[in-house]
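What follows is each chain in one-letter form.
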Amino acid sequence: MSFMDPNASLPPTGLKKILYVNWPLVMLIIAVSGFGFLMLYSVAGGSFYPWARPQMERFLIGIIIMFIVAFTPISFWRSVTALAYGFALILLVYVLIAGDVSKGAQRWIDLGFINLQPSEVMKIAVVMVLALYYDWLEPEKVSRPIWVIIPLVLILVPTGLVFFQPDLGTAILIVLSGGVVMFLAGVSFWYFSAAISVVAGTVLAVLQSRGTEWQLLNNYQYRRIDTFLDPTLDPLGASYHITQASIALGSGGISGRGFMQGTQSRLGFLPEKQTDFIFTTLAEEFGYVGTTLLLVMYVLILVFCILSAINNRNRYAALLIGGIAATFFFFFAVNMAMVMGLVPVVGVPLPLVSYGGSAMLVLLGAFGLVQSAHIHRPRGNL
Amino acid sequence: MIIPSKSAKEKNRRITRRGLMLGGIQLAVVGVLGVRMRQLQVTQSDSYRLLAEENRINVQLIPPDRGLIFDRLGKPIAENKPNYQIALIREQAQDPENVLAELAKIIDFPEEKQAEVLKRMFRLSAFVKVPVVENLDWADFARVSANAPALPGIIPEVGLNRHYPQPENFTHVVGYVGPVSERDLSGLENPIPILQFPGFQFGKTGLEIRIEDTLRGTAGTSRVEVNSAGRVIRELSRSEATNGADIQLSIDSDLQNYANYRMGNQSAAAVVINVNSGNIRALASSPSFDPNKFIFGISSIDWNALLNDEYRPLADKTISGAYPPGSTFKMVVALAALEEGLIDSEEEVFCPGYYDVGNRRFHCWKRGGHGRMNLSNSLKQSCDVFYYEISQRIGIEKISAMARRFGLGARPDLPLPAITAGLMPTKQWKQTNVNEPWRLGDTINSAIGQGFVSSSPIQLAIMTARLASGRAIVPRLIQRINGVPTPLEKAESLGIPDADFDLVREGMFRVSNETRGTAYATRIAEETMAMAGKTGTSQVRQISVEERAAGVIKNEDLPWDHRDHALFVGYAPYDNPRFAISVVVEHGGSGSAAAAPIARDIMLRALYETQPPISAFPREIRDDMLEQRQNEPPPNVAAPIARSDRA
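Residues numbered from 1 in each chain as written. Chains lettered and ligands numbered in written order. Predicted model: local features only at pLDDT ≥ 70, side-chain atom pairs only at ≥ 80, totals over all residues. Heavy atoms only, no water.

*Asks:* Could you give an account of the environment of Pro 193 of chain B, with specific residues and numbers?
*Replies:* Residues and elements named next belong to chain B. Position of Pro 193 among the secondary structure elements: in the loop between α8 (182-186) and β7 (201-203). Given a relative accessible area of 55%, Pro 193 falls into the exposed group. Sequence separation between Pro 193 and Leu 51 is 142 residues, and the spatial gap between their C-alpha atoms is 21 Å. (Helix = DSSP H or I, 4+ residues; strand = E, 2+ residues; numbered from the N terminus. Buried < 20%, exposed > 50% of the residue type's maximum accessible area, 1.4 Å probe, protein only.)

*Asks:* Describe the interface of chain A and chain B, with residues and values.
*Replies:* Opposite the 57 residues of chain A that make contact, chain B presents 41 residues. Scanning the region where chain A abuts chain B turns up zero salt bridges. Our enumeration of links across chain A and chain B arrives at eight residue pairs in polar contact (both at pLDDT 80 or more). Ranked by the residues each element gives to the side of chain A that touches chain B, the list is headed by helix α12 (residues 278-310) of chain A, at 11 residues. A class-by-class count of the residues in the side of chain A that touches chain B yields 34 nonpolar, 18 polar and five charged. (Contact = heavy atoms within 4.5 Å. Salt bridge = Lys/Arg side-chain N within 4 Å of Asp/Glu carboxyl O. Polar contact = N/O pair within 3.5 Å; in protein donor to acceptor, adjacent residues only side chain to side chain. Nonpolar A, V, L, I, M, F, W, Y, C, P; charged D, E, K, R; others polar.)

*Asks:* Pulling in residues and values, what's your account of the packing of helix α3 (residues 52-71) of chain A against helix α14 (residues 357-375) of chain A?
*Replies:* Residue and element names in this part refer to chain A. Following both chains from N to C, one finds α3 and α14 inclined at 25°, their axes separated by 7 Å at the closest point. For the element pair α3 / α14, the angle class is roughly parallel. By crossing handedness, the relation of α3 to α14 is classed as right-handed. Contacts between α3 and α14 involve Gln 55, Arg 58, Phe 59, Ile 61, Gly 62, Ile 63, Ile 65, Met 66, Val 69, Ala 70 and Phe 71 from the first element and Gly 357, Met 360, Leu 361, Leu 364, Gly 365, Phe 367, Gly 368, Leu 369, Gln 371, Ser 372 and Ile 375 from the second. Across the contact of α3 with α14, the residue classes break down as 14 nonpolar, seven polar and one charged. (Axes fitted to C-alpha atoms, helices over the stretch in contact; angles between N-to-C directions. Parallel < 35°, antiparallel > 145°, perpendicular 65-115°, else oblique. Left-handed = near helix turned anticlockwise from the far one by under 90°.)

*Asks:* Can you lay out the nonpolar core for me, pointing to particular residues and giving the numbers?
*Replies:* The nonpolar side chains of a soluble globular protein tend to be buried with one another. Ranked by size, the top nonpolar core spans 119 residues in total, and within it Tyr 134, Leu 294, Phe 332, Met 336 and Phe 367 of chain A carry the most contacts. Leave out the neighbours within four places in its chain, and Met 336 of chain A touches Phe 279, Leu 294, Leu 295, Tyr 298 and Leu 350 of chain A together with Leu 33 of chain B. Core analysis: the second largest hydrophobic core is formed by 89 residues, Leu 335, Val 357, Ile 462 and Phe 501 of chain B among them. (Core = buried A, V, L, I, M, F, W, Y, C linked by side-chain atoms within 4.5 Å.)

*Asks:* Describe the packing of aromatic side chains, listing the residues and the values that go with them.
*Replies:* Considering all chains together, one arrives at 37 aromatic pairs over all chains under this definition. Taking 5.5 Å as the distance between ring centres and 75° as the angle between the ring planes, the aromatic pair formed by Phe 37 of chain A and Phe 59 of chain A counts as edge-to-face. Of this pair, Phe 37 of chain A sits in helix α2 (residues 23-43) while Phe 59 of chain A sits in helix α3, and the two are 22 residues apart along the sequence. Taking relative accessible area as the criterion, Phe 37 of chain A reaches 15% and is therefore assigned buried. Ring plane angle 40° and centroid distance 5.9 Å describe the contact between Trp 138 of chain B and Phe 141 of chain B, whose orientation is recorded as tilted. You can see Trp 138 of chain B and its partner Phe 141 of chain B sitting in helix α6 (residues 138-147), three residues apart, about one turn around the helix. These aromatic residues form a ring-pair network of at least three members: Tyr 298, Phe 328, Phe 329, Phe 330, Phe 332 and Phe 367 of chain A. Residue placement shows Arg 361 of chain B over the ring face of Tyr 354 of chain B; its charged tip is 3.6 Å from the ring centre. Its end group placed over the ring of Tyr 520 of chain B, Arg 523 of chain B keeps NZ or CZ at 4.0 Å from the ring centre. (Phe/Tyr/Trp six-rings, centres within 6.5 Å; stacked < 30°, edge-to-face > 60°. Lys NZ or Arg CZ within 6 Å of the ring centre and 35° of its normal.)

Set out below in structure tokens:
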């Protein structure tokens, strides 16, 4: 199946493509990012530095990248999918061996203007490669065990590399994103039931292995689990993040304290206020109204993506859009759930809002893929 | 694959279905997030907002200035002196070591102290202000202030410290303050936070501790916004401290000074109170010490010297010293006998110099005896036998009851610590406390203010004031609090007939103003100021029969602490009493020789409120007095007395 369907009218070419861009989606992305700039300005105590200005610059670069990717035919991206996956895999191996030690984890490659996080790239690459795989595979075969093992390997190899960086949060996100593409491709529910059982078993094993010689996680990861399960264990120690985040969120109330009036984050009670915990500042300053607005914008982005996916007759494009949308969903859902104390603290940023060049660039690039799939979707009557 | 097949449609459909399912699941998760958001931000918002405020807002205390203490004329007794100090903020200094070294070039600041400050500083956060030097003199402080621009991080500051400008003279009354100790805090039921303020001063003894709450004031607060490291970002609101109340005492510092001066190096106490109001004019205990030494902690050498001094400078003898009142107690016994109608003014007792009860013999102080004695003469010459005899008739219960009416045996209500109640024994008391029955000999001893009977100088002064006025005068130490006079209640009559009082007062007048009176030598010659009084000499040791037979050893031949206590009580002017006085000289020998002269001089000072004219003294001692005056401190000048020359 290809977009070169003779019965369909041709996809737009040249400058006409601009008209076929999914503009509401672009507007939403800009709006959410704008929200992010405001927050970064606020947590810096009313200053464009050190966060808001660099973030805006990167956002500009990212938007440009997004449009370049968007205007490039989806067929091109399909053709370089395997290459992208392979490249991401090599980068992952590279950081494992030579990456910068940052916060006890080897996650970054310093490209000079940006710290590239290969695991970010891999999240998208996994979605791409699985979309390609299921585009290639005949739909009748997707649930056959032999054809299930291949995508599992494609998912678990990079997951393992990320897990051993160690970056538990991203590893989980890669598994989830890959799983979503498999789900969209129509893999039997039984596999997912089995996977969920296996995960439950693994969690049990992880918890049981603690303190033994074959302990599966780092101590800091265990502590995060502990504090998640019982935040009162040590209110000024390990669970400090969760407690302070809840205080910031709750103290915002319905209408919030007002822009620049948040106290929790600016006074340093919150950790990583410009990255993973930025949602708390937003909640404190703009209240329930602000958080709901952000959530609604995220949901609209999801809705536009899913609508675009299910209306796209190109199986690769549809799976790609669905997978990217799911990745995006996992980003904000896990971040918000973490900040609100619903899941353990894993290092997942709030997409488009948190400070961080790598994640933003990759995400905007991914949205470029979504736009490309949208612009170059097969047209015409069936 | 030109024409879309059935299977192609099928593929598309299935992605649609799975896509919608996925969207549904995602929306459900978003729903959960929304619910949680609502729960945190709407339902529980109030409690979280409170927690945020607690996080953010620190309350800093603004210490109140301690109330000042003045004498009755407004002269300062306890004041707050500026404490010039230097503090340093590490982060502003950048190189604190170098800054301190620079500071040492300007003021005396030895290297070991620098090291000490640095050590303390590096234990604290960089933005915390650390005291470097305290109690600088003005010249040093000015030098540092002038050079402050060249000393980054150095902050010259002025704090307040307690200071006692009349050292020694008010030590026992006012006491002193010191840093708040763990013991101070544990003694309080509900210690207020300001007590934990660094450098805060707390009353340790005397008035300073007893009216601590009044003097302390109320701390102000400054609500400041802090960040998670505790650094102050800005002040949100401020309520100023309420300073402690200023206290005006009834004591006259000139008289107090003089009393201290007059007692000199002896271990003694003198109390002067206003006969009509009960205002205490002087409350002096000797020897004393400099309370300023205690403010920042006294050296162990000084402390041990005070502690081991047999003259007990640390004790306030005026209120905590319980002495046998000796003959000064005789007025009470006489009044008890008169009230019971057991004697009258004419009643005579023969004094052969001793008094036999059963097989025990009690001696009069005058070995040869006084001969026939009536009440008035018995007071004048302080005949013991007269009181031995009448006490037998009255019994101890009536004597004690009368003593209580004069304020003896009860703790006077004064805002001072460690006030003794003295002791006015009863039969019941002895049975309970000594576990022996009351004996006749006990009554006889009590009749001359010996045995179980004991009283403090302040009690004797109260007794004398009540004798002079006939009313139940209550002593008062604090005249005004923050300018508001403390209530002064009219003292009730004691309910003793004037005739009885007149008899006793006449006897007291004759003590001081007739030849052969025990205090005649120390009379006030000026008739309008004439003093009535009573001497007392109380034994502190048992005189054995053998010693009595061989001749009682003279006081001068005894070790100091075996000598008799010398006492004197009196009031003046006789016709129109204004002041009552009591003087106790520990182991001073005889009341007439050791206590009466001191009492006379202090009384004159009280009456004239300045140096009395020489005509107020008896002619025969005027030359001596003139000579003595060469060394006397001029009135109204605090003159600390060197006490190190005492043997």
